[in-house]
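Results of the structural survey
Chain by chain, the residues:
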Amino acid sequence: MISLSINGRSQSVDVAPDTPLLWVLRDTVGLTGTKFGCGAGLCGACTVHLNGDPVRSCQLPVSAVAGKKITTIEGLSADGIHKVQQAWISEQVPQCGYCQSGQVMAAAALLAKNAKPTDADIDTAMSGNICRCGTYQRIRRAIHVAAGQAKAGVA
């Protein structure tokens with residue numbers, strides 16, 4: 001058994017120590033908001049927070065996260081509407097939506113460390129998250145809205 005702290009709740013899982021965290025979250029725990037994208041840690045769809053830092057859960061063995069704080073998209077806010085999620089809605093960021101949980105998690109981690117990011121800060125923080133629909137301008141704008149640097153819904 002491996003003891004985990006997921007979204008503020010303690011949970012023990014009976015899985016092989018080398019099982020990727022992504023599959024533990026999705027298949028064992030039932031938290032399916034974190035997505036499988038590439039399986040190589042390159043696209044960012046599987047991004048979760050580990051002790052507040054964005055990590056790729058598809059490449060992280062569950063044994064490496066025992067005793068650390070894991071936050072998934074489901075645990076980002078108590079009511080499910082984090083300021084980044086609100087900005088994503090107001091700025092109509094998603095198209096297909098597949099990458100969005102990873103994008104939101106990366107953006108939330110950025111704003112937790114840098115409350116007023118520049119475009120360059122945003123581009124650097126989000127560079128590991130791929131959006132096949134190409135909504136990068138809306139993503140950047142939504143981050144500025146979430147940071148209070150732009151008014152929602154005004155392009």
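What follows is about the overall build of the chain. Along its length, the chain carries five helices and five strands. In the chain, the succession of helices and strands from N to C terminus is β-β-α-β-β-β-α-α-α-α. For 155 residues, the compact-globule formula gives about 15 Å, and the C-alpha radius of gyration of the chain, at 15 Å, lands near that figure. Dimensions along the principal axes, computed over C-alpha positions, put the chain at roughly 50 × 30 × 25 Å. Burial analysis of the chain (155 residues in total) assigns 43% to the buried set. A separation threshold of at least 6 residues defines the contact pool for the chain, and within that pool the share at least 24 residues apart is 58%.

What follows is about the sheet that holds strand β4 (residues 53-56). One open sheet holds the five strands; their spatial order is β2-β1-β5-β3-β4, and the pairing between them is mixed. The sheet terminates laterally at β2 (9-13) and β4, the two strands that pair on one side only. Taken pair by pair, the neighbouring strands of this sheet meet at an average axis angle of 40°, ignoring direction. Of the pairings in the sheet, the one linking strand β1 (residues 2-6) to strand β5 (residues 69-71) comprises two bridges and is parallel in character. The residue bridging I6 from the neighbouring strand is I70, located in β5. Its contacts with the sheet place helix α3 (residues 100-113) against β3 (47-50), β4 and β5, and it is angled at close to 35° to β3.

Attention shifts here to the pairing of β3. Burial along β3 is two-sided: the residues T47 and H49 and V48 and L50 are all buried. Relative to β4, β3 is paired through four bridges, and the arrangement is antiparallel. By the bridge assignment for β4, T47 is matched with R56. Taking the residues between adjacent antiparallel strands as the criterion, β3 and β4 are bridged by two residues, where N51 takes a positive phi near 55°. Sheet analysis places β3 next to β5, joined by two bridges and oriented antiparallel. Paired with L50 across the strands is I70, a residue of β5.

On to the side chain of H49, then. Here H49 shows up in strand β3. A polar contact is formed between the side chain of H49 and the backbone oxygen of M105, at a distance of 2.6 Å. If near-sequence neighbours (up to four positions away) are discounted, H49 is found in contact with P54, K69, I70, T71, L76, M105, A108 and A109.

With that settled, consider the pattern of salt bridges. The full count for this structure, using the stated rule, is four salt bridges. The residue K113 makes a salt bridge to D53 at a minimum N-O spacing of 2.9 Å. Of the two residues, K113 sits in helix α3 while D53 sits in strand β4, which places them 60 residues apart along the sequence. By relative accessible area, K113 is classed as exposed at 57%.

Turning our eyes to something else, we now look at empty space enclosed by the protein. Leftover empty space is mapped by rolling, across the atoms, a probe with the size of a water molecule. Taken as a whole, this structure holds one cavity of 30 Å³ or more when the rule is applied. In this model, the largest cavity occupies a volume close to 30 Å³. Contributing to the lining of the largest cavity are K35, G37, C38, G39, G41, L42, C43, G44, A45, C46 and C58.

Conventions adopted
- Throughout, residues of each chain are indexed from 1 in the direction in which the sequence is written.
- Only residues with pLDDT of at least 70 are given local features in this predicted model, and only at 80 or more are side-chain atom pairs given and counted; all residues enter the totals for whole chains, interfaces and linings.
- For side-chain calculations, the full set of non-hydrogen atoms in the structure is used, while hydrogens and water are omitted.
- In DSSP terms, a helix is any run of H or I states spanning at least four residues, a strand is any run of E spanning at least two, and both are numbered starting from the N terminus.
- Between the two quantities, the radius of gyration covers C-alpha atoms and the globule rule is 2.2 Å times the number of residues to the power 0.38.
- Exposed residues in this analysis have more than 50% of their type's maximum accessible area, buried residues have under 20%, and partly exposed residues fall in between, with area computed by a 1.4 Å probe over protein chains only.
- Whether two residues are in contact is decided by their heavy atoms: any pair within 4.5 Å suffices.
- By the convention used here, strands pair only if DSSP detects at least 2 bridges between them.
- Helix axes are fitted to C-alpha atoms over the stretch in contact, other axes to C-alpha atoms as well, and angles between N-to-C directions run from 0 to 180 degrees.
- What qualifies as a polar contact is a pair of N or O atoms within 3.5 Å, subject to a donor-acceptor requirement within protein and to the restriction that residues adjacent in sequence count only when both atoms come from side chains.
- We define a salt bridge as a contact between a side-chain nitrogen of Lys or Arg and a carboxyl oxygen of Asp or Glu at a distance within 4 Å.
- Whether a set of points on the 1 Å grid over the protein atoms alone is a cavity depends on a 1.4 Å probe fitting there but being unable to get out, while an open set qualifies as a pocket with protein on both sides within 12 Å along at least five of seven lines; lining residues are those with an atom within 4 Å of a point.
- Grid points are joined across faces, edges and corners, and a volume is the space filled by probe spheres set on the points.

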